[in-house]
Structure formats: structure tokens, C-alpha cells
Amino acid sequence: MAETRSKSAPRDSVRGLKAGRSSIIVGIAAEHLSAKRLADMGFVTGVRVKMVRRGNPCIVGIGGTFVGLGAANQTCVLIEIPDGEADSDCQAGPAPNQP
């Protein structure tokens, strides 16, 4: 499994980000082919990602476009979580269903 991380800020997956909030990608925790596919879509360390809509798939804004991520890929994209930004009820459980 390929994984790169920053060591400074608290981390979570993009799944833990509240709708309307953004954060910086600090790493990708995925097998080589999945990590490459995510990188090809712009999910690389240092890039800002914004949660537009939570769910499965969630919709995130990245690099001037919107991308739908299924539950498995949501947990692979590791981000910095600023204090008070993460939804504690979603960090360990499934993503909520939203229209």
C-alpha cells in the first residue's frame, strides 16, 4: 500500500470533512493502481479539496472541477483536519445518505 503523509496536523480521510469545508491533501493510502488513478484525477499531496456534498458517492471540488468519490476512495484520500472541522459522528461510520 502506497502512503505519503505530512506529520504536522491532525489527519482524517476526506470522508470526515463537513460539506462546504475544504482542506489540504496530505497523502493517499491506497494500492498502487488506485493511488495512480486518484493522482491522475488531481488527488495529490498539497492540493486543496472541498467537500461539496457528502454521501456515497460524495462530490468534491478539486483543481477547478468536481469529482464523485465512492466510499472506498473517500477513505484513501488523507487530509489535514483543522480543529473543530471534522464531523465526529462520521469518522468511524458510513457516510450519511443525502439527496
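Residues numbered from 1 in each chain as written. Predicted model: local features only at pLDDT ≥ 70, side-chain atom pairs only at ≥ 80, totals over all residues. Heavy atoms only, no water.

Turning our attention to the overall build of the protein chain. For the protein chain, the helix and strand inventory stands at two helices and six strands. Taken from N to C terminus, the helices and strands of the protein chain fall in the order β-β-α-β-β-β-α-β. Split into buried and exposed, the 99 residues of the protein chain put 37% on the buried side. Pairs at least 24 apart in sequence give 66% of the contacts found in the protein chain among residues at least 6 apart. Total accessible area on the protein chain is roughly 5,400 Å²; 52% of this is exposed by carbon and sulfur atoms. (Helix = DSSP H or I, 4+ residues; strand = E, 2+ residues; numbered from the N terminus. Buried < 20%, exposed > 50% of the residue type's maximum accessible area, 1.4 Å probe, protein only. Contact = heavy atoms within 4.5 Å. Areas by Shrake-Rupley, 256 points an atom, 1.4 Å probe, with all protein chains shown as cover.)

Once that is clear, we can look at the sheet that holds strand S5 (residues 65–69). Ordered by their spatial adjacency, six strands build an open sheet running S1-S6-S2-S3-S4-S5, and the pairing between neighbours is antiparallel. Edge positions in the open sheet fall to strand S1 (11–13) and S5, since each of these has one partner strand only. Adjacent strand axes in the sheet meet at a mean angle of 45°, parallel and antiparallel pairs treated alike. Direction of pairing for strand S4 (residues 58–62) relative to S5: antiparallel, over a ladder of five bridges. Bridging across to S5, Ile 62 finds its partner in Thr 65. (Pairing = 2+ DSSP bridges. Axes fitted to C-alpha atoms, helices over the stretch in contact; angles between N-to-C directions.)

It is a general feature of regular strands that their side chains alternate between the two faces of the sheet. Burial of strand S2 (residues 22–28) is extensive: five of the seven residues sit out of reach of the surface. Looking at chain direction, S2 and strand S6 (residues 77–80) are connected through three bridges and run antiparallel. Within S6, the position partnered with Gly 27 by the bridge is Leu 78.

The next thing to look at is the confidence of the model for the protein chain. With 73% of its residues at a pLDDT of 70 or more, the protein chain has an overall mean of 81. Note that residues 88–99 has pLDDT below 50 and, in this model, 15 contacts with residues that lie over four places away or in other chains. (pLDDT = per-residue confidence, 0-100.)

Let's shift gears to the environment of Ala 30. By the secondary structure assignment, Ala 30 is in the loop between S2 and helix H1 (32–40). Taking the relative accessible area as the measure of exposure, Ala 30 reaches 4% and is therefore buried. When the C-alpha positions of Ala 30 and Thr 75 are compared, they lie 9.0 Å apart, and in sequence the two are 45 residues distant.

Below, the discussion takes up unusual backbone geometry. Along the chain, Asn 56 connects to Pro 57 via a cis peptide bond; the corresponding omega equals 5°. Relative to the helices and strands, Pro 57 is located in the loop between strand S3 (48–53) and S4.

Looking now at the side chain of Gln 74. Structurally, Gln 74 is set in helix H2 (residues 71–74). On the basis of relative accessibility, which here comes to 1%, the residue Gln 74 falls in the buried class. Looking at Gln 74, its side chain comes within polar contact range of the main-chain oxygen of Leu 69, at 2.9 Å. (Polar contact = N/O pair within 3.5 Å; in protein donor to acceptor, adjacent residues only side chain to side chain.)

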